[in-house]
Amino acid sequence: MGALRSIRVRLTLLYVALLAVILAAFAIGVYFALREALYSNLDDSLDNRVALIQSIVAEDGEFDPAHIGLPGDPFEHEEFARVYDASGELVFDNTAGAPVPEDPADVQAALSGRTAERRERAGSVHLVIHTEPLRADNAIVGAVEIGLSDDDARDTLGVFILILAIAYAASVIVATGAGLLLATRALAPIDRLTGVARRITADDLSQRLNLDLPDDELGRLARTFDEMIARLDDAFRRQRQFTADASHELRTPLTVIKGQTEVALQRDRDVEGYKEVLRAVNSEVDRMIRLVSSLLTLARADARQIPIAREPVSLGEVIRDAADQIRPAAAAKTIAVSVRDAGDLRLSADQDLLLQLLLNLLDNAVKYTPSGGSVEVAWSRTGDHAEIRVSDTGPGIPPEDLPHIFDRFYRADTARSRAEGGVGLGLSISRWIAEAHGGAIRAESAPGHGAAFIVHLPLV
Ligand code: ADP
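Residues numbered from 1 in each chain as written. Predicted model: local features only at pLDDT ≥ 70, side-chain atom pairs only at ≥ 80, totals over all residues. Heavy atoms only, no water.

> Teacher, can you tell me more about the sheet that holds strand β7 (residues 336-340) here?
Strands belonging to one sheet form pairs held by backbone hydrogen bonds; the direction of such a pair is parallel or antiparallel. One open sheet holds the five strands; their spatial order is β7-β9-β10-β12-β11, and the pairing between them is mixed. Edge strands, defined here as strands with exactly one partner in the open sheet, are β7 and β11 (440-445). In this sheet, neighbouring strand axes are inclined to one another by 15° on average, regardless of whether the strands run parallel or antiparallel. Direction of pairing for strand β10 (residues 385-392) relative to strand β12 (residues 451-458): antiparallel, over a ladder of seven bridges. Bridged to Ser-391 within β12 is Ala-452. Together, β11 and β12 form the strand contacts of helix α9 (residues 426-436), whose direction differs from that of β11 by roughly 135°. (Pairing = 2+ DSSP bridges. Helix = DSSP H or I, 4+ residues; strand = E, 2+ residues; numbered from the N terminus. Axes fitted to C-alpha atoms, helices over the stretch in contact; angles between N-to-C directions. Contact = heavy atoms within 4.5 Å.)

> Before we go on, may I ask you to explain the environment of Arg-238 in this structure?
Along the chain, the position of Arg-238 falls in helix α4 (residues 217-266). Looking at Arg-238, the relative accessible area reads 56%, which means it is exposed. Separated by 169 residues in the primary sequence, Arg-238 and Asp-407 place their C-alpha atoms 10.0 Å from one another. (Buried < 20%, exposed > 50% of the residue type's maximum accessible area, 1.4 Å probe, protein only.)

> Please clarify how the pairing of β10 should be interpreted in this entry.
When a strand is regular, its side chains alternate between the sheet's two faces. When you tally the buried positions in β10, you get six out of eight residues, the bulk of the element. Here eight bridges tie strand β9 (residues 374-382) to β10, and the two strands are oriented antiparallel to one another. Counted as the bridge partner of Val-377 is Val-390 from β10. Connecting the antiparallel pair β9 and β10 is a turn made up of two residues, with Gly-383 showing a positive phi of about 60°.

> When you look at unusual backbone geometry in this model, what are you seeing that I'm missing?
Keep in mind that most residues, glycine aside, have a negative phi and that most peptide bonds are trans. With a phi angle near 55°, Arg-304 is a residue other than glycine that sits in the positive phi range. By secondary structure assignment, the location of Arg-304 is in the loop between α5 (271-302) and β6 (311-314).

> How should I be thinking about the layout of surface pockets in this particular structure?
Space left empty within the atom packing is revealed by a probe, the size of a water molecule, rolled over the atoms. Roughly 810 Å³ of internal volume is contained in the largest pocket. The wall of the largest pocket is formed by 39 residues, among which Asn-364, Lys-367, Tyr-368, Gly-422 and Leu-427 lie closest to the centre. When contributions to the lining of the largest pocket are tallied by element, the ones reaching two or more residues are α5, α7 (351-368), β10, α8 (414-419), α9 and β12. If you tally residues by element for the lining of the largest pocket, the top one is α7, at nine residues. Residues that form the lining of the largest pocket fall into these classes: 17 nonpolar, 13 polar and nine charged. Empty space within the second largest pocket amounts to approximately 620 Å³. (1 Å grid on protein atoms, 1.4 Å probe; cavity = no way out; pocket = protein on both sides within 12 Å on 5 of 7 lines; lining within 4 Å. Points joined across faces, edges and corners; volume = space filled by probe spheres on them. Nonpolar A, V, L, I, M, F, W, Y, C, P; charged D, E, K, R; others polar.)

Below, the structure is given as structure tokens:
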């Protein structure tokens, strides 16, 4: 039963069974056609012989046994010819081999105008016997009975069956072998695929099938499998990187806190000294809180646990609100924050998340723009989207960093970001918020000419 679990064996069995049925139907058809042809030949011979005797009787115009000059020698294959007169009396018989019993019923049937056919065995000979009326001037004057041996037809059919049986068995054997071979060759890549797939584990996703297969079903399966492993590899690598980055980010403030407290404990200090240490510790704890809540947001976003409320939101209002919230920090750095009002646009969005997205962008703009610079928020309508643009007059983003700044923990300038209290997750969260609303976010920057963040959000 184990072999049946192999597609190779099942396919071959199915194929061979189908072939066996078709061949059998074909062989039976041919056998009966041949049999029909052979026996109709035999019937023709019988009819010819009857016709000959009939013509002799008709020529005489009457049935006179003394006058019918029947040829005594049997025809080819003819075992006997018997003639009966109108009273059913046997008047001629040239039986050559073993005697064949007479059949008065057939003779009576012939005398009453019907043709009778029967089969008999005489010794080792099989006979087909026709009994037919003999007519003269439209009157039945007697009956003729001819017996022909059908042994030739039997022999021919016997040889034919033998040939068919050998051909049938040979075809089935060859088909089984060829079917197994073909199925084995066709399915061999699956075994290779299974072997490699078994070696691939979560710890080692670097392996690929790399099977050089044609572009058929199996080739496509192998390539799809490789693509899937590549995606998994990428996802696992990012996961590991993320964990490493997150641990690193948490260790930095902890190291600072540890350093501060150790120094404070080394000797007694005055109140102001302790306060200074506590302020430093407090600021590091703040950074850790920001980091942990950002991590929590991303983790919940990944797990799709953050419900996105869809409510009518006035874009102008949210932007003005965000600008108002950022102004104190901007003012501390003498940075002007301006909002270029473009009338109201209504969105169906989660107001809190939208506000958080704008605050992230504005916070970055203020963080990275030097004192005396400016930050502007503008918006417009493009087709069925709202386009929000947050631009600043800061140092901009180097072109090589542009494609990565939305990655988690990616910073163009790590020291600078840290110094500004950044944790490297703000833009990742912003991108998630934009995409969760069916929108998108991108950055534009020419170094030295400031940076601009453009958010597209679908309108109601
Ligand atoms: P961070 O907490 O470091 O600001 P973000 O994810 O918000 O993290 O930003 C990623 C990086 O993108 C920043 O470290 C910074 O290098 C760069 N960046 C973001 N906004 C700006 C900006 N307005 N001007 C220049 N660089 C920026």
